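Next come the chains, spelled out residue by residue.
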Amino acid sequence: MASVSAFFQQLTLADLAVGLFFIGLFGAMTQRNIIKTIISVGIMDVAAVAFFVSTNFTPGARPPVATADAAAVMMADPVPQALMITAIVIGVSVVAMCLAMYLRVMYRYETADWDILIRRLED
Amino acid sequence: MGEWPLHLLVLGPLLLGAVTYFLPRRAYQWGMGVGNGVLTMAALHLFIQVRWGVPLRQQLADWPQGVAIPLVADTISAPLVLLTALFFTCTYLFAARAGYMDKTFIFLFLLLEAAIFGVLLSGDLFNIYVILELGMIGIAILIMYRQDKQSVYDGMVYIMMNFIGMAFMMLGIAYIYRITGVLDLTLIHERLAALDDPRAAMIPFALIMTAVAMKAALWPLFSWLPRAHGAPSAPAIVSAVLSGVQVKVGVYLLIRLSTVFLPVVNAQAFFLVVGFVTSTVGFMLAIAQKDIKLILAYHTISQVGLIVMGLNLGTPEAYWGGMYHIINHALFKGLLFLTAGVIIEAYGTRAYSEIRGVLRRMPVIGIAALAGVLGITGAPFFNGSISKYFISLGAAGNPAELGLYLINFGTMLSFVKYGTILFGRPPENVRPRADPFVSAIALLFGLAILAGGVLGGPTVALLYGPEYAVRGAFSPGKVAIFAATLGVAIASYRWGVSRWDAWLANIRVFKPNFNQITVLITLFFAGLLAYTAWMNA
């Protein structure tokens, strides 16, 4: 048991993010429900964001905001944070668009299942 | 002449769309015409500057390298920028009088142009990611613009599978940033070469290349392409632009990012095999289709496979052949999609078996479509023959040479099938619509295809620089091989393919659903990762 808890304790945010990414991928591979696949794809995106934010993490670093007195020492890397704000916005808008498209499909074909949807498309 | 800021070229189409949106109808058309002309001239100027000068490199807001977002125009991207600008201008003129061209549509169309310029000119990995997402959203809206039949479903599958691909790419970019600390492509290239353990670059390579292979529609990740390019409701110019230039963005990224990763990961053999399989599967699916737009869409997959094969054969002739084929394919597939749109409108059907006698009923469109068919099959004196000749020249002595014969035969077979719509007796109820713009642009494309073949060698030298003798492409041997392939293809179509309808129906229903698509993405990623691990072991 000690080794199991040691294993969990040495996991970093980055490891967990990669795990989350593949959980999302698994969901997208296995779920037949359209909403659930959209959620899975959203999880993949969030996992990638979490992984990116954790890169170049230095414990105890200052927020990357310039102040008059302090020199730029021990400042957190601002690049991942700045980039991920962009990526989060993109992710939200794409998921919103997927949901909007799903609504269209749902009103017309009245199903939330990929397989049934394909069958109804061919009729 | 001074150096123009490159970001104006990326922002240009967006500004044009936004500003002209508020103009009244008449001024709007003039504004669009002038704006497109200015963009084309800017792209031409950029091409001349880069081709006979030095590659341009600009850092946005004058930040130092490594911090700024760089914009780069070099000898690979500048010809493609010129091609994109010309292509969008021509397709705009082609459809200027069509019913579906409202202002919102044109704005989205210009957004797509901006996204393509952005990817071609960007030198920053994250910037490329953002612009790809932008283009993805624009394309999804364009696909389902008319919201009829299954176009919303097509759009949804397109956006969701591409979103998965982009999630792979973002994870890969994060890995790259983790091991190199930069996002600038040239700096990544330098720092990867200095890595202590080159195996650290394997995972990001596999992640990013999975996304890129999906954008380039390589096997087995191409199932979005026929949905998008052959979507029943997508207007002709959208199909033409997607097949002509947008899919080349993926191929361009494949070239660009392979070079970035070259010091540590070399996957040329992998992409050579994948290119061959893509090409073969593409033409088999194309032959099985009944819808003329779907024949063309699946055939785009086949041609992309051929381009990727040429680029990864490892010989300079094949490489430049692949580069030239990118441009040639844009010309003939763009022309074929544009004419197919006109034909579908006049005949009121998309089934190839009901369309006959296009040459007799619509001579101009028919001749243009015939030029496209001759170009794509590599008929002597048409541009396809030159690029295919280069690729086969570079493949000499390689087992891939046999594969090229197979691909040529498959191309011929699918276009013998497509060509049947040109001949025969036309049905009575055909109403061709006379439009001088349509005829002029179609003939212009046709002439460009012919000129690209007759002046093949000088064109390659003009666009890219390397000079190769092309006389071999016109040699009696090549002409004889073309004629023999054509004969065999007609014979096997007449006595084979046209009678196997039940058997072809089995191939035609092969359409993976969303879960299967995700499994295929994962398998491709695992395969690429296993291959790079095996190469570096």
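Residues numbered from 1 in each chain as written. Chains lettered and ligands numbered in written order. Predicted model: local features only at pLDDT ≥ 70, side-chain atom pairs only at ≥ 80, totals over all residues. Heavy atoms only, no water.

Description of the overall build of chain B
Part 1 of the reasoning: Within chain B one finds 22 helices and 2 strands.
Part 2 of the reasoning: For 537 residues, the compact-globule estimate of 2.2 N^0.38 gives 24 Å, and the C-alpha radius of gyration of chain B, at 22 Å, lies within 12% of that figure.
Part 3 of the reasoning: Taken across its 537 residues, chain B has 63% of its residues classed as buried.
Part 4 of the reasoning: Within chain B, residue pairs in contact and separated by at least 24 positions form 81% of the contacts whose partners lie at least 6 positions apart. (Helix = DSSP H or I, 4+ residues; strand = E, 2+ residues; numbered from the N terminus. Rg over C-alpha atoms; globule rule 2.2 N^0.38 Å. Buried < 20%, exposed > 50% of the residue type's maximum accessible area, 1.4 Å probe, protein only. Contact = heavy atoms within 4.5 Å.)

What about the nonpolar core?
Residues and elements named next belong to chain B.
Part 1 of the reasoning: One finds Phe271 and Tyr418 to be the most contacted residues of the largest nonpolar core, which totals 226 residues.
Part 2 of the reasoning: Looking at this core element by element, the count peaks at 21 residues for helix H6 (residues 151-180).
Part 3 of the reasoning: Built from parts of two domains, this core gets at least three residues from each of domain 1 (1-82 + 100-221 + 516-537) and domain 2 (270-499).
Part 4 of the reasoning: In this structure, Tyr418 is in contact with Ile292, Ile295, Leu296, Leu336, Ala340 and Val373, ignoring residues within four places of it in sequence. (Core = buried A, V, L, I, M, F, W, Y, C linked by side-chain atoms within 4.5 Å. Domains from an automatic or database assignment.)

A few points about the interface of chain B and chain A
Part 1 of the reasoning: Taken together, the contacts link 39 residues of chain B with 46 residues of chain A.
Part 2 of the reasoning: Carbon and sulfur atoms supply 80% of the area that chain B and chain A bury against each other, a total of about 3,800 Å² over both sides.
Part 3 of the reasoning: Taken as a group, B:Met156, B:Phe163 and B:Tyr177 account for 18% of the area that chain B buries against chain A, more than any other trio of residues on that side.
Part 4 of the reasoning: For the side of chain B that touches chain A, the element with the highest residue contribution is H6(B), accounting for 18 residues.
Part 5 of the reasoning: In terms of residue class, the side of chain B that touches chain A is made up of 28 nonpolar, 7 polar and 4 charged. (Buried area = accessible area lost by both parts, 1.4 Å probe. Nonpolar A, V, L, I, M, F, W, Y, C, P; charged D, E, K, R; others polar.)

Here we look at the domain arrangement of chain B
Interfaces are often sized by the accessible area lost when the parts come together.
All names here are of chain B.
Part 1 of the reasoning: Here the domain parsing of chain B yields domain 1 (1-82 + 100-221 + 516-537) and domain 2 (270-499).
Part 2 of the reasoning: Distance between the C-alpha centres of domain 1 and domain 2: 26 Å.
Part 3 of the reasoning: Tallying the contact residues gives 17 residues for domain 1 and 17 residues for domain 2.
Part 4 of the reasoning: Together, the buried faces of domain 1 and domain 2 total about 1,400 Å²; carbon and sulfur atoms form 78% of this surface.
Part 5 of the reasoning: Of all residues in domain 1, the largest losses of buried area upon contact with domain 2 belong to Arg51, Leu218 and Trp219, amounting jointly to 35% of the total for that side.
Part 6 of the reasoning: Taken together, the links from domain 1 to domain 2 amount to 0 salt bridges.
Part 7 of the reasoning: The interface formed by domain 1 and domain 2 contains 1 residue pair in polar contact (both at pLDDT 80 or more).
Part 8 of the reasoning: For the side of domain 1 that touches domain 2, the per-class residue count stands at 14 nonpolar, 2 polar and 1 charged. (Salt bridge = Lys/Arg side-chain N within 4 Å of Asp/Glu carboxyl O. Polar contact = N/O pair within 3.5 Å; in protein donor to acceptor, adjacent residues only side chain to side chain.)

Digging into the packing of helix H7 (residues 185-193) of chain B against helix H10 (residues 236-261) of chain B
All names here are of chain B.
Part 1 of the reasoning: Orientation of H7 relative to H10, taken along the N-to-C sense of each, is 35°, at an axis distance of 8 Å. Between H7, through Leu185, Ile188, His189 and Leu192, and H10, the contact on the second element is made entirely by Arg256, Leu257, Thr259, Val260 and Phe261.
Part 2 of the reasoning: The residue inventory of the contact of H7 with H10, partitioned by class, reads 6 nonpolar, 2 polar and 1 charged. (Axes fitted to C-alpha atoms, helices over the stretch in contact; angles between N-to-C directions.)

Examining the pairing of strand E1 (residues 56-59) of chain B
Residues and elements named next belong to chain B.
Part 1 of the reasoning: Burial along E1 is one-sided: Leu56 and Gln58 are buried, and none of Arg57 and Gln59, which face the opposite way, are.
Part 2 of the reasoning: For E1 and strand E2 (residues 70-73), the ladder comprises 4 bridges, and the chain directions are antiparallel. Bridge pairing links Arg57 to Val72 in E2. (Pairing = 2+ DSSP bridges.)

A closer look at unusual backbone geometry
Part 1 of the reasoning: With omega at 0°, the peptide bond leading from B:Trp219 into B:Pro220 counts as cis.
Part 2 of the reasoning: The phi torsion at A:Glu110 lies on the positive side, around 55°, for a residue other than glycine.
Part 3 of the reasoning: Tracing the chain through its elements places A:Glu110 in the loop between helix H4 (78-109) and helix H5 (114-122).
Part 4 of the reasoning: We note that B:Ala217 has phi near 60°; this positive angle belongs to a residue other than glycine.
Part 5 of the reasoning: Within the secondary structure, B:Ala217 is located in the loop between helix H8 (202-215) and helix H9 (224-229).

Points about the environment of B:Lys417
Part 1 of the reasoning: When you line up the elements, B:Lys417 lands in helix H17 (residues 400-419).
Part 2 of the reasoning: The contact partners of B:Lys417, leaving out residues within four places of it in the chain, are B:Ile287, B:Ala288, B:Gln289, B:Ile295, B:Tyr352 and B:Tyr493.

What to know about the environment of B:Arg494
Residue and element names in this part refer to chain B.
Part 1 of the reasoning: Topologically, Arg494 is positioned in helix H20 (residues 476-495).
Part 2 of the reasoning: Residue Arg494 is classed as partly exposed on the basis of its relative accessible area, which comes to 45%.
Part 3 of the reasoning: C-alpha of Arg494 to C-alpha of Leu23: the two residues are 471 residues apart in sequence and 55 Å apart in space.

Some details on the packing of helix H16 (residues 383-394) of chain B against H17(B)
Residues and elements named next belong to chain B.
Part 1 of the reasoning: Two elements in contact, H16 and H17, have axes whose closest approach is 9 Å; the angle formed by their N-to-C orientations is 155°. The orientation of H16 with respect to H17, classified from their angle, is roughly antiparallel. With respect to the hand of their crossing, H16 and H17 are arranged in left-handed fashion. Side by side, H16 and H17 meet where Lys388, Ile391 and Ser392 of the first sit next to Glu401, Leu404, Asn408 and Thr411 of the second.
Part 2 of the reasoning: Among the residues making up the contact of H16 with H17, the classes are represented as 2 nonpolar, 3 polar and 2 charged. (Parallel < 35°, antiparallel > 145°, perpendicular 65-115°, else oblique. Left-handed = near helix turned anticlockwise from the far one by under 90°.)

With respect to helix H13 (residues 316-347) of chain B
Residues and elements named next belong to chain B.
Part 1 of the reasoning: In this model H13 runs 45 Å from its N-terminal to its C-terminal C-alpha over 32 residues, within 8% of the 46 Å that 1.5 Å per residue would give.
Part 2 of the reasoning: Within H13, 28 of the 32 residues are buried, which leaves it mostly tucked inside the rest of the structure.
Part 3 of the reasoning: Downstream of H13 by a residue or two, Gly348 has a phi angle that is positive, lying close to 70°. (Expected span 1.5 Å × (residues − 1).)

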